[in-house]
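Observations on the three-dimensional arrangement
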Amino acid sequence: MSSVQTTSDSDEQRLRELGYTQELARSMSGFSNFAVSFSIVSILSGCLTLYGFGMATGGPALITWGWPVVGAMTLCVALAMAEICSAYPTAGGLYYWAAKLAPSHGPAWAWFTGYFNFMGQVAVTAGVDFGAAFFTNAFLEMQWGIAATPAHTVEIFAVILLLHGLLNTRGVKLVSLLNNVSVWWHVAGVAVIVGALALLPSHHASASFVFTKFVNNTGFHSSFYVALLGLLLAQYTLTGYDASAHMTEETQDAARSGPKGIVNSVLVSLVAGWILLLGITFAIQDYDGALASSTGVPPAQIFLDAIGPTGAKLLLLIVIGAQFFCGMASVTANSRMIYAFSRDGALPGSRLWHRINPRTQTPTSAVWLATGGAFLLGAQDLWNATAYAAVTSVSVIGLYIAYVIPVFLRLRQGDAFQRGPWHLGRWSKAIGTVAVLWTVVITVLFMLPTVSPITALSFNYTPVAVAAVLGSAGLWWLVSARHWFTGPKVQSLVETTDDRPSELENR
């Protein structure tokens, strides 16, 4: 028997022990698993999409120093998650982990973890694809004079989501191939952009400007408060790496490949993202002009000022391509989470969202729920100019609360936690504690107002969105779900070779 077949059998055996039979096609390599998370983190998407926000909220100093600070904290969250992923490599990921790790009331922990994850996943997809629409509209204005209006942006946003939905219904092999391409597109793209901005401009900003210049265009008078708000640029970018966990049922040697995918996607993004941000910031020619750009995309104006229209358009195409890959991977991970959550009956219409296309072995209905939900969030930009900032905040808060609940429960288990083959050893407690504390900080921070004066149009609607999801999930739980939702469901599990029941049954 080949080593690949042995690994596959071991993966399927472990999945049966955790409560599920193999339904999805297990054809992804460890590199492909990493590629999904790396594509969703997408430094060319997150860094550039919110670069204008960073320019106005803290300026170069926060753009430069916020990245490594947030990166170090994010790495702690990723490490803590990876250890749990190794122990429980299932597509349900976070909410399954919560059910397994909770000392009591496991179904309730799983329920709320799942809904925060669902909210964050949909918001990430909306944020990524809306960012791609912003940059595409900027390119169209530069090339053909098509005005960058909210209506045009939403139309482009709809087309991008439709394309991502169609690609994701074609099967995991195509998605894996495109994600593998995405890794090299991002690496080469960063090299080309930074190289062009380093070599072609007639002059560059000073080191003093890049590392110490603080800008506050928010209307608030507290520099400390504005500096904290400026961390959103980095924190929004460094999200989505839970995708590696959601793809474990389709990954070979999942108990090792999944954790490595989570951690490596953050590490590589941390290094490459800082290089990218420094390259762009050094290339700024006219700071105020870039902020006031008619395209509404400051990086596009920075490219234009630094290397001229032809070069700027080429760099924009590189960014748009990366954003497209990122959005496609986001829909993939989102649909797998929806599939797994629906498999356990937790979403309205679960029977529909859990359906697997027998030809492609993909959850087609879940793909279209992911894209449809993202469109509803992004379309709010037609009525509210600050809606996009709120969407990015919702994605951060939703995902990180879902990330940290299992970490918190794992800390409570202490030495009783049964580790997988990939673990943190004696560093588990320290790293997990930092992860929990950091999540508390950013959850509060990104619900606060981002501009002053605070009006109906400038209000940060993130707390409203979070309260709506939490309130709906909480009300449904109290009225109905607590009577029938028992957490992740187990299937016919005595099919295991040694007739062992599932770990959830043992609870």
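Residues numbered from 1 in each chain as written. Predicted model: local features only at pLDDT ≥ 70, side-chain atom pairs only at ≥ 80, totals over all residues. Heavy atoms only, no water.

So, about the overall build of the chain. A tally of helices and strands in the chain yields 22 helices and 2 strands. Against the globule reference of 23 Å for 507 residues, the chain gives a C-alpha radius of gyration of 22 Å, in line with a compact fold. By its C-alpha atoms, the chain is 70 × 45 × 45 Å across when sized along the principal axes. Contacts in the chain between residues at least 24 apart in sequence constitute 83% of all its contacts with a sequence separation of at least 6. As presented, the chain carries roughly 18,600 Å² of accessible surface, and 66% of it is formed by carbon and sulfur atoms. The centroid of the 24 positive side-chain charges in the chain is displaced by 5 Å from the centroid of its 24 negative side-chain charges. (Helix = DSSP H or I, 4+ residues; strand = E, 2+ residues; numbered from the N terminus. Rg over C-alpha atoms; globule rule 2.2 N^0.38 Å. Contact = heavy atoms within 4.5 Å. Areas by Shrake-Rupley, 256 points an atom, 1.4 Å probe, with all protein chains shown as cover. Lys, Arg positive; Asp, Glu negative; His and termini not counted. Charge placed at Lys NZ, Arg CZ, Asp CG, Glu CD.)

On to the pattern of salt bridges. Scanning all chains against the criterion turns up 7 salt bridges. Linking Arg14 and Glu17 is a salt bridge whose minimum nitrogen-to-oxygen distance equals 3.1 Å. Of the two residues, Arg14 and Glu17 both sit in helix 1 (residues 3–18), 3 residues apart, roughly one turn of that helix. Salt-bridge contacts for Glu250 lead to Arg336; the nearest nitrogen and oxygen are separated by 3.1 Å. Here Glu250 is found in the loop between helix 13 (243–246) and helix 14 (254–282), whereas its partner Arg336 is found in helix 16 (residues 298–343), with 86 residues between them in sequence. Exposure remark for Glu250: the relative accessible area of 0% places this residue in the buried category. For Arg336, a relative accessible area of 1% puts it in the buried group. Within this structure, Glu83, Arg410 and Arg419 form a network of salt bridges that share partners. (Salt bridge = Lys/Arg side-chain N within 4 Å of Asp/Glu carboxyl O. Buried < 20%, exposed > 50% of the residue type's maximum accessible area, 1.4 Å probe, protein only.)

Where helix 2 (residues 30–41) contacts helix 14, the axes come no closer than 8 Å and their chain directions differ by 40°. Judged by the angle between their axes, helix 2 and helix 14 are oblique. For helix 2 against helix 14, the interelement crossing comes out right-handed. Residues Gly30, Asn33, Phe34, Ser37, Phe38 and Val41 of helix 2 form the contact with helix 14, whose participating residues are Ser257, Gly258, Gly261, Asn264, Ser265, Val268 and Ser269. (Axes fitted to C-alpha atoms, helices over the stretch in contact; angles between N-to-C directions. Parallel < 35°, antiparallel > 145°, perpendicular 65-115°, else oblique. Left-handed = near helix turned anticlockwise from the far one by under 90°.)

Within the secondary structure, Thr125 sits in helix 7 (residues 106–144). Given the relative accessible area of 0%, Thr125 is considered buried. The spacing of Thr125 and Val440 is 315 residues in sequence and 23 Å in space, taken between C-alpha atoms. In contact with Thr125, other than residues within four places in its own chain, are Leu161, Ser330, Val331, Asn334 and Ala374. Of the polar contacts made by the side chain of Thr125, one reaches the side chain of Asn334; its length is 3.4 Å. (Polar contact = N/O pair within 3.5 Å; in protein donor to acceptor, adjacent residues only side chain to side chain.)

This next bit is on the packing of aromatic side chains. The final tally for this structure, using the stated rule, is 32 aromatic pairs. With a centroid separation of 6.3 Å and an interplanar angle of 90°, the aromatic rings of Trp484 and Phe485 are classed as edge-to-face. Given the relative accessible area of 3%, Phe485 is considered buried. For Arg343, the ring lying beneath its charged end belongs to Tyr20, and the centroid distance is 3.7 Å. (Phe/Tyr/Trp six-rings, centres within 6.5 Å; stacked < 30°, edge-to-face > 60°. Lys NZ or Arg CZ within 6 Å of the ring centre and 35° of its normal.)

Look at the link from Ser452 to Pro453: it is a cis peptide, with omega at 0°. Along the chain, the position of Pro453 falls in the loop between helix 20 (428–445) and helix 21 (462–479). At Asp253, a position not held by glycine, the phi torsion is positive, near 50°. Checked against the element boundaries, Asp253 lands in the loop between helix 13 and helix 14. Overall, the relative accessible area of 27% leaves Asp253 in the partly exposed class. Notably, Gln361 is not glycine yet its phi reads approximately 55°, a positive angle. Along the chain, the position of Gln361 falls in the loop between helix 17 (350–353) and helix 18 (364–378). Gln361 sits in the partly exposed class, given a relative accessible area of 33%.

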